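Listed below, chain by chain, are the residues.
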Amino acid sequence: MDDRSTQPVPALKDRSLLTDKAYVAGRWLGAVDDRTITVTDPFDGSVIARVPDLGVEVVRQAIDAAALAQAEWARRSAKERAAVLRRWYELIVENAEDLAQILTAEQGKPLGEAKGEILSNAAYLEWFGEEAKRIDGDIIPGPNRNQRIMVLKQPVGVCAAITPWNFPNGMITRKAGPALAAGCSMILKPAAQTPLSAFALAVLAERAGVPAGVFSVITGEARPIGMEFCHNPKVAKITFTGSTGVGRWLMKEAADGIKRLSLELGGNAPFIVFDDADIDAAVEGAMISKFRNAGQTCVCANRIYVQETVAEAFTARLLEKVSAITLGRGTQAGVSQGPLIDDRAVAKMEEHVSDALAKGGRILAGGKRSALGGTFFEPTVMSGITQDMKVAKEETFAPLAPIITFRDEDEVIAMANDSEFGLASYFYARDLGRVWRVAEALEAGMVGVNTGMLANEMAPFGGVKQSGMGREGSSYGIEGFLELKYVAVAGI
Ligand SMILES: NC(=O)C1=CN([C@@H]2O[C@H](COP(=O)(O)OP(=O)(O)OC[C@H]3O[C@@H](n4cnc5c(N)ncnc54)[C@H](O)[C@@H]3O)[C@@H](O)[C@H]2O)C=CC1
Ligand SMILES: O=C(O)[C@H](O)CS(=O)(=O)O
């Protein structure tokens, strides 16, 4: 059952969370000269808000305020910073229902997924608040009896964050957590498609006691803001989640000032099912990894490799699960797939399907736009996929499950690693030797063994090759917001 019933902008318990104002240095800013950016509901293209299209002058004001506020914020004790982050976390959890309604209204994902994103990523605030108290240095024996070596860890300073539309809430707390825990301040530019979630988080940050200037949210044209982030000498670090193309542009522009960079970029995850896998578990993992957020995640299974001897059984069970996916508005009960974010996303999906068909691929399920219209696309499974097809070379970022069969380990490792990307990878197997061999051989920052879900606040999330640099989550995740200072103490 696919549902196209219409619904007004959600009724919230706390209407003050839904604001169309940017948050700059503790002040709520409306549009200037009526310059705005329109926010639409991807379900039907209806306008849900107009947010300020702020110019570079305001960005500079936010950066100046962030620099001033950061000095005082860093002087606070780790326990004080931890308490504020903990409170922000608690407020997000208390308001998760409303935050999910706002998120689904602007991004389209089912409410359950929205709430899951919010809660699982709020945990980064809790986790890094605790990590603030563990930012230890070192005392190292000196080169002679009269000297000692000290190593201090200090915050890098003002951080600029740029986040994508596919996780409009989670990608923000995942960055703000370690940054503020380390004693940094942050100016955030959210995606133009999904700013309301960012504003709502700022409302709660203010309530939690995050000082004015420590966390600002600005909306406006991406490139000029990006240029200001990259060239303003007060910005010490840029943390970005989004496409590899934009990540590459940021690296080039930030090179002039030798900015610190954390980049979570595109992926092309292989998902491998070996003949000794638990097939039911592999199907469950493929459903999560492929179809979460309508396939619009950087860690989605982009290529599904199945060993020849189990291909028929795996494919049959996958098709059963895919047939149960229900498309519709994310706020409707029972809906498990929302619309794609925009027409560009639909066009890329159609391009990958048609290219695969032209090169010998076969459609087993879906394969066309949904009867719901708009940017809805049927969840699609294809077989007969080969490495030369676009779907194997490029990130689809849509609900397309391409099945490629293989004979043995060596063949599938070579195919899996044949990509410039290296973010997530997955495989299902139960032989201990195979688990070690394949986990070590895959060229990826993350390997899911018998699981299709990787992200949590305790794990180092990130990629290799052209999928980025740095890690988010785990105790590794705070290092990118700290600088080491070596202090040589002599005359002892
Ligand atoms: N690694 C990851 O976690 C993610 C990767 N992606 C990748 O991004 C692509 C689609 O997502 P999009 O949001 O369209 O990616 P995108 O890279 O175009 O946009 C991401 C963010 O960067 C901003 N941006 C774009 N150009 C900019 C510039 N010149 N200066 C400053 N900011 C700029 C956008 O406004 C948005 O806030 C997909 O190919 C996907 O692979 C998207 C989301 C997450
Ligand atoms: O940006 C993304 O796609 C997310 O990082 C995916 S996850 O971390 O929520 O799995």
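Residues numbered from 1 in each chain as written. Chains lettered and ligands numbered in written order. Predicted model: local features only at pLDDT ≥ 70, side-chain atom pairs only at ≥ 80, totals over all residues. Heavy atoms only, no water.

Under an unreviewed UniProt entry, the name given to the chain is NAD-dependent succinate-semialdehyde dehydrogenase, and the organism recorded is Shinella yambaruensis. In the Sequence similarities (unreviewed entry) part of its UniProt record, the chain is described as follows: "Belongs to the aldehyde dehydrogenase family." (UniProt positions renumbered as here; feature names shortened; annotations may be inferred.)

(A) Summary view of the overall build of the chain. A tally of regular secondary structure across the chain gives 14 helices and 22 strands. Rg of the C-alpha trace for the chain: 23 Å, near the compact-globule value of 23 Å for 492 residues, within the 12% margin. Taking the principal axes of the C-alpha coordinates as reference, the chain spans close to 75 × 60 × 40 Å. Within the chain, buried positions represent 57% of all 492 residues. Intrachain contacts of the chain at a sequence separation of at least 6 include 73% that bridge at least 24 residues. Summed over its atoms, the accessible surface of the chain is roughly 19300 Å², and 53% of this surface lies on carbon and sulfur atoms. Of the side-chain charges in the chain, 53 are positive and 61 negative, and the distance between the mean point of each set is 5 Å. (Helix = DSSP H or I, 4+ residues; strand = E, 2+ residues; numbered from the N terminus. Rg over C-alpha atoms; globule rule 2.2 N^0.38 Å. Buried < 20%, exposed > 50% of the residue type's maximum accessible area, 1.4 Å probe, protein only. Contact = heavy atoms within 4.5 Å. Areas by Shrake-Rupley, 256 points an atom, 1.4 Å probe, with all protein chains shown as cover. Lys, Arg positive; Asp, Glu negative; His and termini not counted. Charge placed at Lys NZ, Arg CZ, Asp CG, Glu CD.)

(B) Local environment of the site of ligand 1. Near ligand 1 lie 24 residues; those nearest to it are Thr163, Ser243, Leu265, Cys298 and Glu395. In this structure, an oxygen atom belonging to ligand 1 sits 2.9 Å away from a side-chain N or O atom of Lys189. Taking Arg344, its side chain carries an N or O atom lying 3.0 Å from an oxygen atom of ligand 1. For ligand 1, whose free accessible area comes to 820 Å², the fraction covered by protein is 86%. (Near = heavy atom within 4 Å. Polar contact = N/O pair within 3.5 Å; in protein donor to acceptor, adjacent residues only side chain to side chain.)

(C) Geometry of unusual backbone geometry. Phi at Asp33 is positive, roughly 55°, even though this residue is not glycine. As for its placement among the helices and strands, Asp33 is situated in the loop between strand E2 (27-29) and strand E3 (36-40). With relative accessibility at 66%, the residue Asp33 sits in the exposed group. Despite not being glycine, Asn450 shows a phi value in the positive range, around 60°. Tracing the backbone shows Asn450 in the loop between strand E19 (446-449) and strand E20 (464-465).

(D) Just the side chain of Asn268, in detail. Here Asn268 shows up in the loop between strand E11 (260-264) and strand E12 (269-273). By relative accessible area, which is 4% here, Asn268 ends up buried. Side-chain polar atoms of Asn268 contact the side chain of Asn302, separated by 2.9 Å. Those residues in contact with Asn268 that sit more than four places away from it in its chain are Asn302, Arg303, Ala392, Lys393, Glu394, Ser419 and Phe421.

(E) Here's a closer look at the environment of Ala161. Here Ala161 shows up in strand E7 (residues 158-162). The exposure class of Ala161 is buried, given its relative accessible area of 0%. Measuring from C-alpha to C-alpha, the distance between Ala161 and Leu188 comes to 4.6 Å, with 27 residues separating the pair along the chain. Excluding residues within four positions of it along the chain, Ala161 makes contact with Lys175, Met186, Ile187, Leu188, Lys189, Phe229 and Thr239.

(F) Up close: the nonpolar core. Core analysis: the largest hydrophobic core is formed by 84 residues, its most contacted members being Trp88, Ile92, Leu180, Phe215, Ile218, Phe229 and Ile238. If you tally residues by element for this core, the top one is helix H6 (residues 196-208), at ten residues. Beyond its immediate stretch of four places on either side in the chain, Phe215 contacts Tyr23, Trp88, Ile172, Ala176, Met186, Leu188, Ala202, Ala205 and Val210. Counting residues in each nonpolar core, the second largest holds 36 residues, with Ala301, Ile325, Leu372 and Ala424 among its members. (Core = buried A, V, L, I, M, F, W, Y, C linked by side-chain atoms within 4.5 Å.)

(G) Examining the confidence of the model for the chain more closely. Residues of the chain with pLDDT of at least 70 account for 98%, and the chain-wide mean is 97. Contacts from residues 3-8, a stretch scored under 50 in pLDDT, to residues over four places away or in other chains number 17 contacts. For this predicted complex, the interface score ipTM comes out at 0.94, alongside a pTM of 0.97. (pLDDT = per-residue confidence, 0-100.)

(H) Geometry of the site of ligand 2. As a matter of local geometry, ligand 2 sits amid Asn166, Phe167, Met171, Arg174, Arg292, Thr297, Cys298, Val299, Ala455 and Phe461. Between Asn166 and ligand 2, the recorded distance is 3.1 Å, taken from a side-chain N or O atom to an oxygen atom. Coverage of ligand 2 by the protein chains reaches 97% of its 290 Å² of free accessible surface. Partitioning the shell around ligand 2 into residue classes produces six nonpolar, two polar and two charged. (Nonpolar A, V, L, I, M, F, W, Y, C, P; charged D, E, K, R; others polar.)

(I) Representation of helix H11 (residues 343-358) within the structure. Here H11 is 16 residues long and its end C-alpha atoms lie 22 Å apart, about the 22 Å a rise of 1.5 Å per residue gives. Those residues of H11 that are buried are in contact with strand E14 (362-365), strand E15 (380-383), helix H12 (390-393) and strand E16 (400-406). Capping the start of H11, Asp342 holds a side-chain oxygen 3.2 Å from the backbone nitrogen of Arg344, two or three residues further along. Downstream of H11 by one or two residues, Gly360 has phi in the positive range, about 110°. (Expected span 1.5 Å × (residues − 1).)

(J) Geometry of the UniProt feature "domain: Aldehyde dehydrogenase" (unreviewed entry) in the chain. Feature annotation in UniProt places "domain: Aldehyde dehydrogenase" (unreviewed entry) on residues 33-487, given in this structure's numbering. From the first C-alpha to the last, residues 33-487 spans 51 Å; its make-up is 41% helix and 21% strand.

(K) Fine view of the UniProt feature "active site" (unreviewed entry) in the chain. Within this structure's numbering, the places UniProt gives as "active site" (unreviewed entry) are Glu264. Relative to the helices and strands, Glu264 resides in strand E11. Among the residues examined, Glu264 registers a relative accessible area of 3% and is labelled buried. Beyond its immediate chain neighbours, meaning those up to four positions away, Glu264 contacts Phe240, Thr241, Gly242, Leu423, Phe461, Gly462, Gly463, Ser467, Gly470, Arg471 and Glu472.

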